[in-house]
Amino acid sequence: MTTTIIQKTDELLASTYPRLPVVFERGRGTMLWDTEGRRYTDFLAGIAVCGLGHSHPAVQQALAAQAGRLVHVCNLYYTIPQVELADWLVGHSFADRVFFCNSGAEANEAAIKLARKVYQDRGEKDRFRIIAMEQSFHGRTMGSLSATGQDKIKQGFYPVLEGFDFVPFNDIAALRAAIDDTVCAVMLEPIQGEGGVVCPSADYLQEVRRLCDKAGILMILDEIQTGMGRTGRLFAHEHSGIAPDIMTLAKALGNGLPIGAMLAREEAAGAFGAGAHGTTFGGTPLIAAGALAVVQTIEQEGLVARAAETGAYFIGQLEALCERHAAAEAVRGQGLLLGLELNREGAPIVDRCLERGFVINCIQGNVLRFAPPLIIGAHEIDALIECLDAIL
Ligand SMILES: *Cc1c(COP(=O)(O)O)cnc(C)c1O
């Protein structure tokens, strides 16, 4: 059965993903099981998505109840779960308004469109450029792809959307030099996830905030990977004591349900009037009810503080690993979004971890990425470290 699934998948689906040879069938908490009955500890959580772990009963119950009540009517009407979810998000962030969509890329599309519209509404037709970061990742749709600062992801799809300039992350002088009166926004991730878990240097985000304020332009933070407690604060920008004007969320917001959100302060959000933007499924009752259960559970189970605590322990263990093995060069990240930089290709290590029952991932060729469910325990981290010790 396993080989049939793998063969048919390779035959029938677009081959956009280099998949590992495992068929996952079931998950609970931090554990996954494949079709051969083998058990794995999940240190990836579907790329920083399943913060609560797999099959959380609160989400199951919310989905089952809502599925029996109302799944979809579209956004021409008022529904209850989406306003409850928006209320939670606004109550826990800098934002005044929320736009719901179905993915991270779509949330970034909304952010890009909103930033342009804010200035076009003011008659500043030439102020449409957005400064983004080299090595950034914002998604695969044409707009979010255009904001992505990695040529290898854009290859084959040129020309991309006009109006994006790129500067090196953590280089405030380069950003300052790039801002002129054609720029409407600066768009960046508070920690570059796909770029290799690259953290901002001290004061960088504060400096970006200051430059944006001075120039009268918008600061857009893509917290799709870093949000919802992943870094040990609900949103990663809280570590810097600043807030953006626009923030995008997705990944862990639905714990695996397809949902994205763009949050904005009123001054910016106001530019999205009736008919300005839309999507059929955004904030549908079913998915919003599930996501509401997700955010309430994050709060009730104290998962943000837990991510900070467990993350500190994990970083310590990874740093000790670096001291024991020359192949492991550096640890990066915050909370439970961590990268281990190697002096060699990471893919063979990912394969060997999988054989030994650990799901991890490799980015940028030589960075092992760990983004486990926020409920991961110290004993599970110890077991992974033991496994990495044996492999390295
Ligand atoms: C995953 C990710 C996206 C894209 O989200 P999708 O849901 O895959 O469209 C955008 N930005 C960041 C920072 C991400 O990690």
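A quick note: this is a predicted structure, and the numbers were derived from the prediction, not measured. (Residues numbered from 1 in each chain as written. Predicted model: local features only at pLDDT ≥ 70, side-chain atom pairs only at ≥ 80, totals over all residues. Heavy atoms only, no water.)

Enquirer: What is the right way to look at the sheet that holds strand β7 (residues 183–188) in this model?
Expert: What links the strands of a sheet is backbone hydrogen bonding, and the strands pair in either a parallel or an antiparallel sense. Ordered by their spatial adjacency, seven strands build an open sheet running β4-β10-β9-β8-β7-β5-β6, and the pairing between neighbours is mixed. Looking at which strands have only one partner, the edges of the open sheet turn out to be β4 (97–101) and β6 (164–167). Going across the sheet, the axis of each strand differs from the next one's by a mean of 20°, ignoring polarity. Pairing analysis gives four bridges linking strand β9 (residues 246–249) to strand β10 (residues 260–264), with the strands arranged antiparallel. When the sheet's bridge partners are listed, T248 is paired in β10 with M262. The strands that helix α5 (residues 104–121) touches are β4, β5 (129–133), β6, β7, β8 (218–222), β9 and β10; relative to β9, the one it contacts most, it runs at about 165°. Helix α9 (residues 204–215) contacts β5, β7 and β8 of the sheet and is inclined by roughly 145° relative to β8. (Pairing = 2+ DSSP bridges. Helix = DSSP H or I, 4+ residues; strand = E, 2+ residues; numbered from the N terminus. Axes fitted to C-alpha atoms, helices over the stretch in contact; angles between N-to-C directions. Contact = heavy atoms within 4.5 Å.)

Enquirer: When you look at the environment of T2 in this model, what are you seeing that I'm missing?
Expert: Position of T2 relative to the elements: it lies in helix α1 (residues 2–12). Distance in space between the C-alpha atoms of T2 and V22 is 7.7 Å, their sequence separation being 20 residues. Among all residues touching T2, those that are not within four sequence positions of it are V23, T35 and E36. A polar atom in the side chain of T2 sits 2.3 Å from the side chain of E36. (Polar contact = N/O pair within 3.5 Å; in protein donor to acceptor, adjacent residues only side chain to side chain.)

Enquirer: I keep staring at unusual backbone geometry and nothing clicks. Help me out?
Expert: Excluding glycine, residues mostly carry a negative phi; peptide bonds, for their part, are mostly trans. In this model, Y158 is joined to P159 through a cis peptide bond whose omega is 0°. Considering the arrangement of structural elements, one finds P159 in the loop between α7 (151–154) and β6. Positive phi outside glycine occurs at Q135, with the angle close to 70°. The residue Q135 is located in the loop between β5 and α6 (142–146) in this model.

Enquirer: What is the right way to look at the side chain of H56 in this model?
Expert: Among the secondary structure elements, H56 is positioned in the loop between α2 (45–48) and α3 (57–67). If we ignore the near neighbours within four places in the chain, the residues touching H56 are T297 and E301.

Enquirer: What's the story with helix α14 (residues 378–391) in this structure? I'm lost.
Expert: Within an α-helix, residues lying three or four positions from one another point in the same direction, as the helix has 3.6 residues per turn. Across its 14 residues, α14 extends 20 Å between first and last C-alpha, which sits within 8% of the 20 Å expected from 1.5 Å per residue. When α14 is considered as a whole, its buried residues turn out to be E380, I381, L384, I385, C387, L388 and I391. The arc enclosing the buried residues of α14, seen along the axis, measures out at 160°, which places them on a common side. Projecting away from the buried face of α14 at angles above 90 degrees are the exposed residues H379 and E386. If you follow the buried residues of α14, they end up packed against β2 (31–34), β3 (39–42), α12 (303–324), α13 (347–355), β13 (358–359) and β15 (367–370). (Expected span 1.5 Å × (residues − 1). Buried < 20%, exposed > 50% of the residue type's maximum accessible area, 1.4 Å probe, protein only. Arc of directions from axis to C-beta.)

Enquirer: Quick question: what am I supposed to make of the site of the ligand here?
Expert: Lining the immediate environment of the ligand, one finds S103, G104, A105, N108, F137, H138, G139, E189, D222, I224, Q225 and K251. Between the ligand and Q225, the relevant distance is 2.7 Å, taken from an oxygen atom to a side-chain nitrogen or oxygen of the residue. Between the ligand and K251, the relevant distance is 2.6 Å, taken from an oxygen atom to a side-chain nitrogen or oxygen of the residue. Considered class by class, the residues forming the shell around the ligand number three nonpolar, six polar and three charged. (Near = heavy atom within 4 Å. Nonpolar A, V, L, I, M, F, W, Y, C, P; charged D, E, K, R; others polar.)

Enquirer: Explain the packing of aromatic side chains to me, please; I cannot follow it from the model alone.
Expert: To describe a pair of aromatic rings, you give the distance between the ring centres and the angle between the ring planes. In this structure the tally under the stated criterion is six aromatic pairs. Taken together, a centroid distance of 6.3 Å and an interplanar angle of 70° make the contact between F99 and F272 edge-to-face. Here the residue F99 occupies a position in strand β4, and F272 occupies one in the loop between α10 (266–269) and α11 (285–300), the gap between them amounting to 173 residues. With respect to class, F99 is no different from F272; both count as buried. Through pairs of rings, three or more aromatic residues link up here, namely F43, F314, F358 and F370. For R26, the ring lying beneath its charged end belongs to W33, and the centroid distance is 4.3 Å. (Phe/Tyr/Trp six-rings, centres within 6.5 Å; stacked < 30°, edge-to-face > 60°. Lys NZ or Arg CZ within 6 Å of the ring centre and 35° of its normal.)

Enquirer: Explanation requested: the pattern of salt bridges in the structure shown.
Expert: Once their charged atoms are close, side chains differing in charge can pair, the charge on each being opposite to the other. By the definition in use, this model includes twelve salt bridges. Between R97 and E266 there is a salt bridge; the shortest N-O distance is 2.9 Å. Here E266 lies in helix α10 and R97 lies in strand β4, a separation of 169 residues in the sequence. Looking at E266, the relative accessible area reads 34%, which means it is partly exposed. (Salt bridge = Lys/Arg side-chain N within 4 Å of Asp/Glu carboxyl O.)

Enquirer: What should I look at first to understand the nonpolar core in this one?
Expert: Within soluble globular proteins, side chains that are nonpolar generally end up buried alongside one another. Ranked by size, the top nonpolar core spans 59 residues in total, and within it M228, L249, F314, L340, L368 and F370 carry the most contacts. Taken domain by domain, this core gets at least three of its residues from each of domain 1 (2–55 + 302–391) and domain 2 (58–300). Beyond its immediate sequence surroundings of up to four residues, F370 is in contact with F43, F314, L318, L336, L337, L338, L340, I360, L384 and L388. (Core = buried A, V, L, I, M, F, W, Y, C linked by side-chain atoms within 4.5 Å. Domains from an automatic or database assignment.)

Enquirer: Looking at this structure, I do not really get the domain arrangement of the protein. What am I missing?
Expert: Accessible area lost on assembly of the parts is the figure often given for the size of an interface. When its domains are assigned, the protein resolves into domain 1 (2–55 + 302–391) and domain 2 (58–300). Placing a centre on the C-alpha atoms of domain 1 and another on those of domain 2 gives a separation of 26 Å. The partner domain 2 presents 32 residues to the 31 residues of domain 1 that form the contact. Between domain 1 and domain 2 the total buried area reaches about 2,300 Å² when both faces are included, carbon and sulfur atoms providing 57% of it. Contact with domain 2 buries surface across domain 1, with L52, L337 and Q364 losing the most and accounting together for 27% of the total. One can count one salt bridge joining domain 1 with domain 2. Residue R369 pairs with E194 through a salt bridge whose shortest N-O separation is 2.6 Å. Among the secondary structure elements, those contributing two or more residues to the side of domain 1 that touches domain 2 are α2, α12, β11 (328–334), β12 (337–342) and β15. For the side of domain 1 that touches domain 2, the element with the most residues is α12, which contributes four residues. (Buried area = accessible area lost by both parts, 1.4 Å probe.)

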